[in-house]
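Here's the letter readout for the chains.
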Number of protein chains: 2
Amino acid sequence: MAIKYELVKEAADCKARLGRLHTPHGIIETPTFMPVGTKATVKTMTPEELKEIGSQIILGNTYHLYLRPGHQLIEEAGGLHKFMNWDGPILTDSGGFQVFSLGDLRKIEEKGVEFRSHIDGSKHFISPEMSIEIQNALGSDIIMAFDECTPYPSDKEYVKNSLERTTRWAERCKDAHKNPHTQALFGIVQGGMYKDLREQSAKELLDLDFPGYAIGGLSVGEPAELMNDVVEFTTPFLPKNKPRYLMGVGSPDYLFEAVIRGIDMADCVLPTRIARNGTVLTSKGKIVVRNAQYKKDFSKLDSQCDCYTCENYSRAYIRHLFNVNEILGLRLTTIHNLYFLLKLMENIRKAIKEDRLMDYRESFYKSYGYIK
Amino acid sequence: MAIKYELVKEAADCKARLGRLHTPHGIIETPTFMPVGTKATVKTMTPEELKEIGSQIILGNTYHLYLRPGHQLIEEAGGLHKFMNWDGPILTDSGGFQVFSLGDLRKIEEKGVEFRSHIDGSKHFISPEMSIEIQNALGSDIIMAFDECTPYPSDKEYVKNSLERTTRWAERCKDAHKNPHTQALFGIVQGGMYKDLREQSAKELLDLDFPGYAIGGLSVGEPAELMNDVVEFTTPFLPKNKPRYLMGVGSPDYLFEAVIRGIDMADCVLPTRIARNGTVLTSKGKIVVRNAQYKKDFSKLDSQCDCYTCENYSRAYIRHLFNVNEILGLRLTTIHNLYFLLKLMENIRKAIKEDRLMDYRESFYKSYGYIK
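Because the structure is predicted, anything quoted here is derived from the model rather than measured.

Cut-offs and rules
Residues numbered from 1 in each chain as written. Chains lettered and ligands numbered in written order. Predicted model: local features only at pLDDT ≥ 70, side-chain atom pairs only at ≥ 80, totals over all residues. Heavy atoms only, no water. Helix = DSSP H or I, 4+ residues; strand = E, 2+ residues; numbered from the N terminus. Rg over C-alpha atoms; globule rule 2.2 N^0.38 Å. Buried < 20%, exposed > 50% of the residue type's maximum accessible area, 1.4 Å probe, protein only. Contact = heavy atoms within 4.5 Å. Areas by Shrake-Rupley, 256 points an atom, 1.4 Å probe, with all protein chains shown as cover. Salt bridge = Lys/Arg side-chain N within 4 Å of Asp/Glu carboxyl O. Lys, Arg positive; Asp, Glu negative; His and termini not counted. Polar contact = N/O pair within 3.5 Å; in protein donor to acceptor, adjacent residues only side chain to side chain. Pairing = 2+ DSSP bridges. Axes fitted to C-alpha atoms, helices over the stretch in contact; angles between N-to-C directions. Buried area = accessible area lost by both parts, 1.4 Å probe. Nonpolar A, V, L, I, M, F, W, Y, C, P; charged D, E, K, R; others polar. Least-squares fit on C-alpha atoms with pLDDT ≥ 70 in both. Parallel < 35°, antiparallel > 145°, perpendicular 65-115°, else oblique. Left-handed = near helix turned anticlockwise from the far one by under 90°. Core = buried A, V, L, I, M, F, W, Y, C linked by side-chain atoms within 4.5 Å. pLDDT = per-residue confidence, 0-100.

Asks: Mind showing me how you'd approach the overall build of chain A here?
Replies: Looking only at helices and strands, chain A has 15 helices and 16 strands in total. Scaling as 2.2 N^0.38, a compact globule of 372 residues should have a C-alpha radius of gyration of about 21 Å, and chain A matches this with 20 Å. A total of 372 residues make up chain A; the buried ones form 63% of that total. Taking as baseline every contact in chain A between residues at least 6 positions apart, the subset at least 24 positions apart corresponds to 66%. For chain A, the computed accessible surface area is about 14,000 Å², with 49% contributed by carbon and sulfur atoms.

Below, the structure written as structure tokens:
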């Protein structure tokens, strides 16, 4: 097996799990947040900086890498790790989410999905086999089965048909997978917002015995409470001895709510994307540092933060950099936001260890402004 | 005195000088190249990265910092060093060059120059006194007298009148300078391409006894040979015990030619600007790494380079980053180009020490492709 999940401890006050995920490129302490490096780079950052702020694993996006520079080129370069100079674990998605997001530009069939590139309109076809072929070429430690991320809302019949196809595709992915000893293939549980369909999807995928499972089809526009409900009733369908990955989640509250319901891994472009718009996460909530009100604010982004940015630069300086379109501004806010979430996850792991996660969550929510 | 120039050695085979410039923020080994940090940041770089590649001193631009964020704000922040987190020496220009470059947007009078901001068209006035007031507020180690950079070509009468006004302005700058013990004010020799006018300008400025002298008005469109001639006949007019700064020069050949004619310091946006366009300097000449021909080139930018970029990334990866507009690409080429020039200057200093600068220059020119 490519990976091994070690369950270290279950929380006493919630369903959170402390674990250790052994991968070919190192051990990941879970629960963990995974920064997204769509096009073979976490935007603005070097691998060394990612390590310094505590990134244990990063994501790559199969759809983007397939189009540019192409998976064959990355394979020729010696794989994604070598190409981008990151020697830690990498997870790649299946490309499904991006392809389905193309809307009118794609056509779903049992065989796979035909789509037009968002870059030049050229025609492409991704099947489960093709998705795995690409991910095999990339050489990521964790690869994802090609699934349909059902939109929200969708009627039950559509969701049922879709998840059953996702199961058939998952089986084809497993059959196509050439490197099961060096790359762990995760199944993705679908089933929309329906408990019985989530159960059906989980059972069908469990029969295929994947080394890890993701919960897909969430954080796609549904209310937060609904997402939490789905996570809550889905995690019990998943085995305890395998990692659970909630796809597309990366705000502090979503992460807390996922972890206390038994999630081990999550990813999202949110912290890096808002950073590049000049929005930063702080212990007292979000601030838009590019705003004029910070022009003469010589304090740091977050008084409680000890990241590189906060140790060395003022809000006034960062605001200036954004105001004059300097790249260093994007770097400094990206470092801060990722550090903020990675540190949060570290604190969450510590709180699980010390059986005080629910208390930590409450004090964080009060400080952040989620609850008054 | 704010600074002290120590002449360590004069080359046997040319007019190059090895020196040490003592400043309030550290010692600079000369000859040196100074990376340009126009808006309180050397584009894409952190101060730590600048140090790591061997930057001894960086530049700031008075005109840009006066407009945004404003010199008062930087003074409130504790000065430019603190604002931008750079604790090494800083040199600021006078703002003159940028203001004169505005063309129709400015009006020159004896009192100073009225101009409109290139950002919002707002009206401003910079006099010699104002330039020094701004630079005093910024707190840079070396500040420059407010001069007119005469365009090329200009007729002799215009140049003579202009340089005489530059002398009068230099005197006013000296009178206005509030911190002569912590900030060294350099005079700028003008005089166009005319030897007798360069001599006149140098003599007038020497009477004012500045701690250092710049040669201005070059690299403004004149042929390279003409520039070299002017440097050649101007340096003998300058005192041996003070540093000599050639403004606006930063290609390898210009740097060699300046140094062998007795120049100690130079600056230019060239290496950083071309880096952001995907052009890099190598020991075998310039290459445009964003070009398709490097798509599958897994070698490093320069086989002889040991910078961070060359130690860790391939041309193919950097080409990919440019192709998909990723900021890391701009960072990697900037690091490489600055390192290339800073390493070149280090090698030049070593060659002066070992009395083989002219040989080193010839072998470099052959490898680079300047001579066949």
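Asks: So what exactly am I meant to see when it comes to the pattern of salt bridges here?
Replies: Opposite charge on two side chains allows them to pair when their charged atoms are near. Residues and elements named next belong to chain B. Applying the stated rule across the entire model yields 52 salt bridges over all chains. Measuring nitrogen to oxygen at the nearest pair gives 2.8 Å for the salt bridge that ties R168 to E110. Placement of R168 in helix α7 (residues 156-176) and of E110 in the loop between β7 (106-108) and β8 (113-116) is noted, with a sequence separation of 58 residues between them. Put simply, E199 and K203 hold a salt bridge, and the shortest N to O gap is 3.7 Å.

Asks: What is the right way to look at the side chain of D267 of chain A in this model?
Replies: Residue and element names in this part refer to chain A. Looking at the secondary structure, you find D267 in strand β14 (residues 265-267). Buried charge without a partner: D267 forms no salt bridge, and the closest opposite charge is R273, 10 Å away. A distance of 2.8 Å separates a polar atom in the side chain of D267 from a polar atom in the side chain of Y245. Within polar-contact distance, the side chain of D267 engages the backbone nitrogen of G248 at 3.0 Å. Among all residues touching D267, those that are not within four sequence positions of it are F33, M34, V36, L59, Y245, L246, M247, G248, V249 and G250.

Asks: Where do I start with the sheet that holds strand β11 (residues 184-189) of chain B in this structure?
Replies: Hydrogen bonding along the main chain pairs the strands of a sheet, whether they run parallel or antiparallel. Residue and element names in this part refer to chain B. Reading across the sheet, the eight strands line up as β4-β14-β13-β12-β11-β10-β6-β5 and stay open at both edges, with parallel pairing between neighbours. Looking at which strands have only one partner, the edges of the open sheet turn out to be β4 (32-34) and β5 (58-60). This sheet shows a mean twist of 30° between the axes of neighbouring strands, independent of strand direction. Direction of pairing for strand β12 (residues 212-215) relative to strand β13 (residues 244-246): parallel, over a ladder of three bridges. Bridged to A214 within β13 is Y245. Sitting on the sheet, helix α8 (residues 195-207) is in contact with β11 and β12, with an inclination near 155° to β11.

Asks: So what exactly am I meant to see when it comes to the interface of chain B and chain A here?
Replies: By a widespread convention, an interface's size corresponds to the accessible area lost as its parts come together. At the junction of the two partners, chain B supplies 35 residues and chain A supplies 35 residues. Taking both partners together, chain B and chain A bury about 3,300 Å²; carbon and sulfur atoms supply 58% of that area. Run the count over chain B and chain A and you get six salt bridges. Ionic pairing is found between E76 of chain A and K296 of chain B, a salt bridge with its closest N-O pair at 2.9 Å. Seen at the junction of chain B and chain A, the total is 16 residue pairs in polar contact (both at pLDDT 80 or more). Within the residue set of the side of chain B that touches chain A, elements represented by two or more residues are α1 (47-52), α3 (71-76), α4 (80-84), α12 (308-312), α13 (315-323) and α14 (327-353) of chain B. In terms of residue class, the side of chain B that touches chain A is made up of 18 nonpolar, seven polar and 10 charged.

Asks: Please clarify how the relation of the copies chain B and chain A should be interpreted in this entry.
Replies: Two chain copies, one operation linking them: a rotation about an axis together with a shift along it. Structural alignment of chain B on chain A gives an RMSD of 0.0 Å, achieved by rotating through 180° and translating 0.0 Å along the axis. Between the two chains, the operation in question is that of a two-fold axis. Minimal C-alpha separation from the rotation axis in chain B is found for I327 of chain B, amounting to 3.9 Å. When you check the interface residues of chain B against chain A, 100% turn up at the interface there too, and the contact is symmetric in its surfaces.

Asks: Looking at this structure, I do not really get the packing of helix α10 (residues 252-259) of chain B against helix α15 (residues 357-368) of chain B. What am I missing?
Replies: Packed helix pairs are specified by the crossing angle of their axes together with the interaxial distance, meaning the distance between the axes. All names here are of chain B. Two numbers describe how α10 lies on α15: the axes approach to 11 Å, and their chain directions differ by 165°. As the angle between them shows, α10 and α15 are arranged roughly antiparallel. As for the relative orientation of α10 and α15, their crossing is left-handed in sense. Facing P252, D253, F256, E257 and V259 of α10, the residues of α15 in contact are L357, Y360, R361, F364, Y365 and Y368. Across the contact of α10 with α15, the residue classes break down as eight nonpolar, no polar and three charged.

Asks: Looking at this structure, how should I read the nonpolar core?
Replies: Nonpolar side chains in soluble globular proteins generally cluster together in the buried interior. One finds Y317, I348 and L357 of chain A together with Y317, I348 and L357 of chain B to be the most contacted residues of the largest nonpolar core, which totals 204 residues. Excluding its chain neighbours within four sequence positions, the residues that come into contact with Y317 of chain A are L328 and L332 of chain A together with A40, T41, F83 and M84 of chain B.

Asks: Can you walk me through the confidence of the model for chain A in this structure?
Replies: Parts of the model with low pLDDT should not have their predicted coordinates read in detail. In the predicted model, chain A carries a mean pLDDT of 97, and 100% of its residues have values of at least 70. Quick note on the complex model: pTM equals 0.98, ipTM equals 0.98.

Asks: Quick question: what am I supposed to make of helix α10 (residues 252-259) of chain A here?
Replies: Given 3.6 residues to a turn, an α-helix orients residues that are three or four positions apart in the same direction. Residue and element names in this part refer to chain A. Extensive coverage of α10 is indicated by the burial of seven of its eight residues. For α10, the set of buried residues is P252, D253, L255, F256, E257, A258 and V259. Buried-residue contacts for α10 involve β4 (32-34), α9 (224-234), β13 (244-246), β14, α14 (327-353) and α15 (357-368).

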